[in-house]
Amino acid sequence: MPSSRRPSMGLAGYTAFVQLHRSGYEMYASARLGDSKLAMSVVAEVLRKAELSWDTLMLRENPLALTWRALRDSVTAARTEVRDRRADGLHRTLPDQPADAVLLCEELGMDAKAAAALMGLDEPELHMQIQAARRMLTGLGHSR
C-alpha cells in the first residue's frame, strides 16, 4: 500500500482517520441497514475497536482495508436486528467487494477516488470491482 494512504500512528493519526472516514462509514452502514441509528452504533463500535488496537493495526499491510472489512462484517452481523428485509439487496446478490464498490459509487454517488480510499483499495481495483459487479448482475438478469 502506498505510504501516502497509510494513516499515522498514535492518537493524532487515529483522530485524523476518524475525521476522514466516519461520515463515509456511516453512509455505507445506513444504506445497508436502512436504520441510521443502528448504523451510527455499528460504526462507533468499529471505530472503538480500531482505536483500541490502533498501533498494532498500523503495523499491518493495509490497515484501511482491514478496518473496512471489520465495518462490512459488523454491518452484516447487524442485519439480524433490521426488520426491513428488502434492504441490502446488493450484498445478498453479489460478493462483498463488488457489492461495496457499487453501493458506494452508484447508489451513494461517491466518486471513485473517495470510495477506493474508504475501502482501502487502489482506484483501478475499485473500477475492476464495479465492472465485475456489472458482469455478475447482467448474468443474473439485472440491469445497471
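Just above sits the structure.
The residue numbers shown here count from 1 along each chain, following its written sequence. The predicted nature of this model means local features are confined to residues of pLDDT at least 70 and side-chain atom pairs, given and counted, to a pLDDT of 80 or more, with totals for whole chains, interfaces and linings taken over all residues. Working from all heavy atoms in the structure, the side-chain values ignore hydrogens and water.

## A short note on the pattern of salt bridges
Reasoning step 1: Each salt bridge in this description consists of a side-chain nitrogen of Lys or Arg and a carboxyl oxygen of Asp or Glu lying within 4 Å of one another. A complete count under the given rule lists 7 salt bridges for this structure.
Reasoning step 2: Of the charged contacts, one joins Glu51 and Arg48 as a salt bridge, the two residues approaching to 2.8 Å between their closest N and O atoms. Remark: Arg48 and Glu51 occur in helix α2 (residues 36-52); sequence separation between them is 3 residues, near one turn of the helix.
Reasoning step 3: Only protein chains enter the calculation, and the probe is 1.4 Å; a residue is then buried if its accessible area is under 20% of its type maximum, exposed if over 50%, and partly exposed in between. For Glu51, a relative accessible area of 32% puts it in the partly exposed group. Secondary structure counts use DSSP, requiring at least four H or I residues in a row for a helix and at least two E residues in a row for a strand, with both numbered from the N terminus.

## Things to note about helix α1 (residues 10-33)
Reasoning step 1: At every residue, the bend is computed as the angle between two fitted axes, covering the seven residues ending there and the seven beginning there respectively. At His21, α1 shows its largest bend, some 45°.
Reasoning step 2: The complete set of buried residues in α1 reads Gly13, Tyr14, Phe17, Val18, His21, Gly24, Tyr25, Tyr28, Ala29, Arg32 and Leu33.
Reasoning step 3: Following α1 by one or two positions, Gly34 adopts a phi angle in the positive range, close to 70°.

## Quick word on the environment of Gly34
Reasoning step 1: Assignment of secondary structure puts Gly34 in the loop between α1 and α2.
Reasoning step 2: Residue class for Gly34 comes out exposed when judged on its relative accessible area of 63%.
Reasoning step 3: In the structure, Gly34 is positioned 50 residues away from Asp84 in sequence and 7.4 Å away in space, judged by C-alpha atoms.

## Focus: the nonpolar core
Reasoning step 1: Residues belong to a common nonpolar core when they are buried Ala, Val, Leu, Ile, Met, Phe, Trp, Tyr or Cys residues joined through side-chain atoms within 4.5 Å. Among the nonpolar cores identified, the biggest contains 42 residues, and Tyr25, Leu33, Trp68, Leu71, Leu104 and Leu126 are the most heavily contacted of them.
Reasoning step 2: Broken down by secondary-structure element, the contributors of at least two residues to this core are α1, α2, α3 (54-58), α4 (63-78), α6 (96-107), α7 (112-119) and α8 (123-139).
Reasoning step 3: The contact definition used throughout considers only heavy atoms, calling two residues in contact when any of these lie within 4.5 Å. Beyond its immediate stretch of four places on either side in the chain, Leu33 contacts Leu38, Ala39, Val42, Val75, Ala78, Arg79 and Val82.

## As for the packing of α6 against α7
Reasoning step 1: As a rule, the C-alpha atoms of each element are fitted with a line to give its axis, helices using only the stretch in contact, and angles between N-to-C directions run from 0 to 180 degrees. Their axes nearest at 10 Å, the elements α6 and α7 cross at an angle of 140°. Classed by the angle they form, the pair α6 and α7 counts as oblique. The way α6 lies across α7 gives a crossing that is right-handed. Residue-level contacts link Gln97, Asp100, Ala101, Leu104 and Cys105 of α6 to Ala112, Ala115, Leu118 and Met119 of α7.
Reasoning step 2: Gly falls in the polar group here, along with every residue not listed as nonpolar (Ala, Val, Leu, Ile, Met, Phe, Trp, Tyr, Cys, Pro) or charged (Asp, Glu, Lys, Arg). Across the contact of α6 with α7, the residue classes break down as 7 nonpolar, 1 polar and 1 charged. For classification, angles of less than 35 degrees are called roughly parallel, those exceeding 145 degrees roughly antiparallel, those between 65 and 115 degrees roughly perpendicular, and all remaining angles oblique. Handedness of a crossing follows from how the near helix is turned relative to the far one, being left-handed for an anticlockwise turn of less than a right angle and right-handed for a clockwise one.

## Regarding α8
Reasoning step 1: The length a helix should cover is 1.5 Å for every residue beyond the first. Its 17 residues give α8 an end-to-end C-alpha distance of 25 Å, which sits within 8% of 24 Å, the value for a rise of 1.5 Å per residue.
Reasoning step 2: Among all positions in α8, only Leu126, Gln129, Ile130, Ala132, Ala133 and Leu137 are buried. Within α8, the buried residues cover an arc of 160° as seen down the axis, which keeps them to one side. For α8, exposure combined with an orientation more than 90 degrees from the buried face picks out Pro124, Met128, Arg135, Thr138 and Gly139.
Reasoning step 3: If you follow the buried residues of α8, they end up packed against α5 (89-93), α6 and α7.
Reasoning step 4: Remark: Gly141 follows α8 within two positions and exhibits a positive phi of approximately 85°. In this description, one arc is meant: the one made by directions from the helix axis to the C-beta atoms.

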